[in-house]
Amino acid sequence: MDVRVGDILIMKKQHPCGSSQWRVLRIGADFKMKCLGCSHEVMSPRSKIEKNIKKIQREEAHE
């Protein structure tokens, strides 16, 4: 799965704050993500995150 830093992930399940959108801050064996609803940051294993992604919104590069 092609996930990049800065992408917004729409997840299958909502965060307790009600938002299902997360911004990717760091990638590797783990993903570090920030909730766009409440700004909570979490780190989770890549395999767990990838199977729960519904959609990826890519930030377009401005040059």
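In this report, we go over the structure that sits alongside the text. (Residues numbered from 1 in each chain as written. Predicted model: local features only at pLDDT ≥ 70, side-chain atom pairs only at ≥ 80, totals over all residues. Heavy atoms only, no water.)

What about the pattern of salt bridges?
Part 1 of the argument: Scanning the entire structure with this criterion turns up five salt bridges.
Part 2 of the argument: Between aspartate 2 and arginine 58 there is a salt bridge whose closest N-O contact spans 3.6 Å. Taken together, the positions of aspartate 2 in the segment before strand 1 (8-11) and arginine 58 in the segment after strand 5 (53-57) put the pair 56 residues apart, joining distant regions of the chain.
Part 3 of the argument: Beyond isolated ion pairs, a larger network of salt bridges with shared partners links Asp2, Arg4, Asp7 and Arg58. (Salt bridge = Lys/Arg side-chain N within 4 Å of Asp/Glu carboxyl O. Helix = DSSP H or I, 4+ residues; strand = E, 2+ residues; numbered from the N terminus.)

A closer look at the pairing of strand 4 (residues 41-45)
Part 1 of the argument: As paired elements, strand 3 (residues 30-35) and strand 4 share five bridges and run antiparallel to each other. For lysine 34, the partnering residue across the bridge sits in strand 4 and is glutamate 41.
Part 2 of the argument: Between the antiparallel neighbours strand 3 and strand 4 lie five residues, among them serine 39 with a positive phi of about 70 degrees. (Pairing = 2+ DSSP bridges.)

Thoughts on the side chain of histidine 15
Part 1 of the argument: Its place among the elements puts histidine 15 in the loop between strand 1 and strand 2 (21-26).
Part 2 of the argument: Residue histidine 15 is classed as buried on the basis of its relative accessible area of 18%.
Part 3 of the argument: Among all residues touching histidine 15, those that are not within four sequence positions of it are Trp22, Cys35, Cys38 and His40. (Buried < 20%, exposed > 50% of the residue type's maximum accessible area, 1.4 Å probe, protein only. Contact = heavy atoms within 4.5 Å.)

A few points about the environment of cysteine 17
Part 1 of the argument: For cysteine 17, the position within the fold is in the loop between strand 1 and strand 2.
Part 2 of the argument: For the pair cysteine 17 and arginine 58, spaced 41 residues apart in sequence, the C-alpha to C-alpha distance is 23 Å.
Part 3 of the argument: If we skip the residues at most four places from it in the chain, cysteine 17 touches Cys35, Gly37 and Cys38.

Spatial relationships are all this shows, so hold off on functional conclusions.
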